[in-house]
Each structure stands twice: as C-alpha cells, then as structure tokens.
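# Chains, contacts and geometry: an overview
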Amino acid sequence: MAEQAVRWSRIRGIVTVALCAPLLTLPLFCRAAETDPLWARSQAPVKSLMLSPIARPTEFHPGEWQLALSVNPASIFATDKDPNNPELPYQFELDYYTVEYRVDLRYNPSERWQISGSYAHRTTDDAHLDQLTLSFHKLFGLDQNGRTKVPKHRYLIDLIESGQRLEDFGGETFAHQFELAASFLAYRYFRHQLAVTLSTQYNDQRYLQRRGSEWDGGLQLDYSYEWRDHRLNALMAYTHTGADQLLGSATRKGLGHLGLGYRYRITPRHFLFTEYLISQGALRDLGAFNDPVHEANLGYRYQRGELGLDFVMMQNALNADNSADIAFNFRLSYRFDAD
C-alpha cells in the first residue's frame, strides 16, 4: 500500500507539472508579446520636417534595451491648382517622393522611466508609389486630386508667393533629424497606465529652407488600457517649433496633437493595429497647410521572442493636401537586457 501511495504521489506530481507548465510560461509570452503601440512617424510634407509626436509605450521592463531600424517611403502630392483649369492662379504644387531611414534606441533604467533617442535621414529617393496610389484611390473610390492629369514620378515643388520652384531633385537629402526623449510612468492602476514624455529634436535641414531655430520641443501624455487581447491607447501632445518659416510660409509655433489607437492580439506572435492622428496645421498662410492634418494608420506586427517585425500603411484622411497621399513603414526591432 505504501508503494502504491508513492506511485500515485509521483503521478499526481507529473500531472500537476504538466497542467501548470503553460501557466508558468505565460509571463514569458506576455513579455514577448509587444505592448508598444505603432511606432510610425508622420510622413506629411510639413509635419515630417519638425518634431512630430508618436504614440509611445506606457509599460517599461527595467534594464531592457530596444534597437530598431525602419524605412518609411511616402508619396507626396499636394496642390490647390484646378486640374480642369490649370491656367487659373494657384499658391502651391508639391509632387515628389520621400524615403526616411531611421534608427531608434530605447533604454528602461527602471519600471518608471524610459530614455529614447533616434536619428533619421530623410531623402527624396524614388519610392515608385504613384501607380500604387492611383490604384488604391480607384479601388476605394477616393478622389485622385488631379493626379491623373500629371506625369508619374515627378519631383516638383512650386511655391508661387515665395518664388521657389524646384524640379528634378530626386536622390537629395531633405534633412538629418536627431531626437531625444524621456518618458515617466506617472500613473498605474489595474489595467490603466499614464505616461508623460518630454522630447526635443534637432533638424539639420539640407534641401528645403528652414528659417529660424533648428530646435523643436514637445510635451506628451500617453494613456493605455489593456483587457485580455485588446489594448487601447490615446495620446495628447503639444509641440513648439523653432522654425519661423517652412516652404516659404510662416509657421504656427505651437501645435496641438491628438491620437487614438487600438491593438488586437490574434495570437502571442501576431498583432493588428489601427490608429488615427489629428494635428493642427503647421503653416499659417499656405492654403490647406493651415488646416488640421488627419492621418489613418493600419498596421501588422509579428513578434517572435525579442524580435519584432512591423508593417504599417499610412493614408491621409479628410484633407488630401497636407498629409502624404500614401506612406508605408517597415520596421525591424530587437529587445535585449542590459545584463
């Protein structure tokens, strides 16, 4: 009887371990499951030339680093020219590609703090997006905004009032941008988290003229709520630009930004994202660039252990002239511990 009791005790131990093993490994899956919102910056023609807030994480794992590399091709087409009556007066016409190459580095010294920095090389490399943009707009019944009446793959910036006209500038460097940010987890209760971020950016403008200071700064609040496989995030930010003029027009020094995002975890490795961002128009006297910028983002993330792969499609909304016609974000990230 004693031998049988020992045998049953061993069997119960094996069954207990087998049943508990998935629960014991659950924290590893939770950590591997990316909790960050979409890390995709605006590619709007003016907004991208200054500090532009993005939704930031509100959960920090102490001692963790993250390195990320991203490529962001975009198609810019903005004009107030009447495509049916091109001889009528107009203020501006922009038609070109941009490609942003960016490296991000983040470090969490504690569960309350995150320090991050990034460097971006913004270029006018050929992204070959015109046909894709035309097809996308046709598929969803969106206004082509005169695209069908001009040649594809143009490089043109025509600013009537300032007398600037630039053509055939493919392959040029628009800007080098250096950003530093510090985030603090100010509030955490149950499923609610609130973080505060201070950021600054230095803009080394190379091709498009920027008058005034090269420095921008920002203050940002990020809120997140997570329940099971769902995560909701929101941001509210204020930025101040040191630029007095961009695209030959006076800037609005202080800009407000709002954003709302949603993440759904399909499996521990697969995630879907959607995000909507609104920002005040940055230029006071250049038509549609004085109006709010509306951007809608749709993204997918594959997370395997510490490695993450992101794909994001960015589309303008409501106002076609002050945001990118279409843009993409391809991002590779890797997390590792300090020790």
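Residues numbered from 1 in each chain as written. Predicted model: local features only at pLDDT ≥ 70, side-chain atom pairs only at ≥ 80, totals over all residues. Heavy atoms only, no water.

## Focus: the nonpolar core
Just so we agree on the cut-off: For this analysis, a nonpolar core means a set of buried residues of the types Ala, Val, Leu, Ile, Met, Phe, Trp, Tyr and Cys, connected via side-chain atoms within 4.5 Å. Relative accessibility under 20% of the residue-type maximum defines a buried residue, over 50% an exposed one, and the middle range a partly exposed one, all with a 1.4 Å probe and only protein chains included. Numbering of helices and strands runs from the N terminus; a helix is a DSSP stretch of H or I covering at least four residues, while a strand is a stretch of E covering at least two. It only takes one pair of heavy atoms within 4.5 Å for two residues to be counted as in contact.
Within the largest apolar cluster, 38 residues are counted, with the highest numbers of intra-cluster contacts made by Val-46, Leu-94, Tyr-96, Ile-157, Leu-247 and Phe-289. At the level of elements, strand 1 (64–79), strand 2 (92–107), strand 4 (156–159), strand 9 (230–246), strand 12 (270–279), strand 14 (307–316) and strand 15 (326–337) are the ones that each hand at least two residues to this core. The dominant element in this core, judged by the number of residues it contributes, is strand 2, at five residues. With residues near it in sequence (within four places) discarded, Tyr-96 still touches Pro-45, Ala-74, Ser-75, Ile-76, Arg-154, Tyr-155, Leu-156, Ile-157, Phe-169 and Phe-174.

## Observations regarding the side chain of Thr-123
On the secondary structure map, Thr-123 appears in strand 3 (residues 113–123). Non-local contacts of Thr-123, meaning those with residues more than four positions away in its chain, are made with Tyr-97, Thr-98, Val-99, Tyr-101, Glu-172, Thr-173 and Phe-174.

## Notes on unusual backbone geometry
Unlike most non-glycine residues, Phe-190 shows phi in positive territory, near 55°. Within the secondary structure layout, Phe-190 lies in the loop between strand 6 (173–189) and strand 7 (192–205). Of note, the phi angle at Arg-228 is positive, near 55°, even though the residue is not glycine. Mapped onto the secondary structure, Arg-228 falls in the loop between strand 8 (210–227) and strand 9. Owing to a relative accessible area of 63%, Arg-228 belongs among the exposed residues under this scheme.

## Describing the pattern of salt bridges
Put simply, the rule reads: We count a salt bridge whenever a side-chain nitrogen from Lys or Arg sits within 4 Å of a carboxyl oxygen from Asp or Glu.
Scanning all chains against the criterion turns up 21 salt bridges. Here Arg-56 makes a salt bridge to Glu-179, at a shortest N to O gap of 2.9 Å. Here Arg-56 is found in the loop between helix 1 (2–32) and strand 1, whereas its partner Glu-179 is found in strand 6, with 123 residues between them in sequence. Like Arg-56, the residue Glu-179 is buried in the burial classification. Linking Arg-122 and Glu-100 is a salt bridge whose minimum nitrogen-to-oxygen distance equals 2.9 Å. Here Glu-100 lies in strand 2 and Arg-122 lies in strand 3, a separation of 22 residues in the sequence. Look at Arg-122 and you get buried, because its relative accessible area is 1%. Salt bridges sharing partners connect three or more residues here, namely Asp-36, Glu-64, Arg-106 and Arg-335.

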